[in-house]
Amino acid sequence: MAALLRECRNVFRKWNKHVSPTVVSMRSMASKTPVGFIGLGNMGSPMAKNLLKNGYPIIATDVFPESCKELQDLGAQVVDSPAEVAEKADRIFTMLPSSPNVIEVYTGPNGILKKVKKGTLLIDSSTIDPAVSKEMALAAEKMGAVFMDAPVSGGVGAASLAKLTFMVGGVEEEYQAAQELLTCMGANVVYCGQVGTGQAAKICNNMLLAIGMIGTAETMNLGIRILAWPKTQPPTLRRQFLLVPLLTRSTESWVHEATPTRTSHQSSSSYARKKDSERKKSIRTHIPPAHTRCPSSHNTQPRLHTCT
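Nothing here was measured: the structure is a model prediction, and the numbers come from that model.

Caption draft 1: Representation of the overall build of the chain. Looking only at helices and strands, the chain features 14 helices and nine strands. Every one of the 308 residues in the chain was classed for burial, and the buried ones make up 34%. Summarising the internal contacts of the chain: among those between residues at least 6 apart in sequence, 55% fall at separations of at least 24. Working note: accessible area of the chain is about 19300 Å², and carbon and sulfur atoms make up 59% of it.

Spelled out as structure tokens, the structure:
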């Protein structure tokens, strides 16, 4: 009997090695419940594709039917309205352009909340007003559903590669259920707090990005005005001339250049220590003492030794 059982086990192992990947994928998909996806634009479409790749059947819709064709060809079921999505799925994503679009999709005549089932998990990845997220959460709660805001950072490239960052706001007990799906589309999933905190984090993220862009633009313009390059100078050369120091020097100042720092490999080498000592002597020889007048200036006020 033991020999017979061993033989049966060996036969099963051999058969299992030759099972088609397609069969495995179909089995995996059959074991997962459908996920609704509303909004198949530049961000929504690659996000929905990544859910499909991970074995989740997709029920999708978009205000522009042509946006659904590619996803339909990959196996998604396409319906006519958000209400129909809510009838067929108990986990639904929305990725929409603005607050009015979100309000319409959730509460409009053919909106999700017209047909939503009790216990449905609604995850909105649009970037909208946090107050609107809170309104949608209250409306969903009245229908027995759970709403979470989960805006993203990373852009279309990260969406295609499933490397988005999700900033999630909502009931903490539901976060685990949402995380299962979010990790199929993103590399980082961060729980921020109650509903609306995800949108607040996204707004701060966008503000920081905008400040960085404005600072870079102003710095470039200042450099161009100071250097007073002629219009005949190639623009590419101008950009390289300004950006290379900006990107490589970071926050270093000229004063720091005159104060050498000892690195780990210098301290472990007698040769490096000798060179370091020689360099300090050279600096002390060539740099004038503090609060001396700058020789290249007619200003009579005392200045530090940062002039060259």
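Caption draft 2: Summary view of the pattern of salt bridges. For the structure on display, the rule yields three salt bridges. K49 is the salt-bridge partner of E70, the closest N and O atoms lying 2.6 Å from each other. Remark: K49 occurs in helix α3 (residues 44-53) and E70 occurs in helix α4 (residues 69-73); sequence separation between them is 21 residues. With relative accessibility at 47%, the residue E70 sits in the partly exposed group. D73 is paired through a salt bridge with K69; the nearest N and O atoms lie 3.3 Å apart. Of this pair, D73 and K69 both sit in helix α4, separated by four residues, roughly a single helical turn. For D73, a relative accessible area of 57% puts it in the exposed group. The class of K69 is exposed, set by a relative accessible area of 52%.

Caption draft 3: Structural context of the packing of aromatic side chains. Going through the model one piece at a time under the given rule, you end up with three aromatic pairs. A ring pair is formed by Y175 and Y191, whose centres lie 5.0 Å apart and whose planes are at 45°; its orientation type is tilted. Here Y175 is found in helix α9 (residues 172-182), whereas its partner Y191 is found in strand β9 (residues 186-193), with 16 residues between them in sequence. Among the residues examined, Y191 registers a relative accessible area of 23% and is labelled partly exposed. For K32, the ring lying beneath its charged end belongs to Y56, and the centroid distance is 4.4 Å.

Caption draft 4: Representation of a nonpolar patch on the surface within the structure. Judged by side-chain polarity, L222, I226 and L227 come together as a nonpolar surface patch covering roughly 280 Å² of accessible area. Within the fold, I226 resides in helix α10 (residues 197-227).

Caption draft 5: Local environment of the nonpolar core. F37, M47, L51, I58, F93 and F166 are the most contacted members of the largest nonpolar core, which totals 34 residues. Breaking this core down by element, the ones donating at least two residues are β1 (35-38), α3, β2 (58-61), β5 (121-124), β6 (146-149), α8 (155-160), β8 (164-169) and α9. Discounting residues that sit within four places of it in the chain, I58 has contacts with V35, F37, A48, L51, L52, L71, A76 and Q77.

Cut-off values and rules
- Residues numbered from 1 in each chain as written.
- Predicted model: local features only at pLDDT ≥ 70, side-chain atom pairs only at ≥ 80, totals over all residues.
- Heavy atoms only, no water.
- Helix = DSSP H or I, 4+ residues; strand = E, 2+ residues; numbered from the N terminus.
- Buried < 20%, exposed > 50% of the residue type's maximum accessible area, 1.4 Å probe, protein only.
- Contact = heavy atoms within 4.5 Å.
- Areas by Shrake-Rupley, 256 points an atom, 1.4 Å probe, with all protein chains shown as cover.
- Salt bridge = Lys/Arg side-chain N within 4 Å of Asp/Glu carboxyl O.
- Phe/Tyr/Trp six-rings, centres within 6.5 Å; stacked < 30°, edge-to-face > 60°.
- Lys NZ or Arg CZ within 6 Å of the ring centre and 35° of its normal.
- Patch = residues over 30% accessible without salt bridge, like charges linked within 9 Å, V, L, I, M, F, W, Y side chains within 5 Å.
- Core = buried A, V, L, I, M, F, W, Y, C linked by side-chain atoms within 4.5 Å.

The analysis is restricted to geometry; functional conclusions fall outside its scope.
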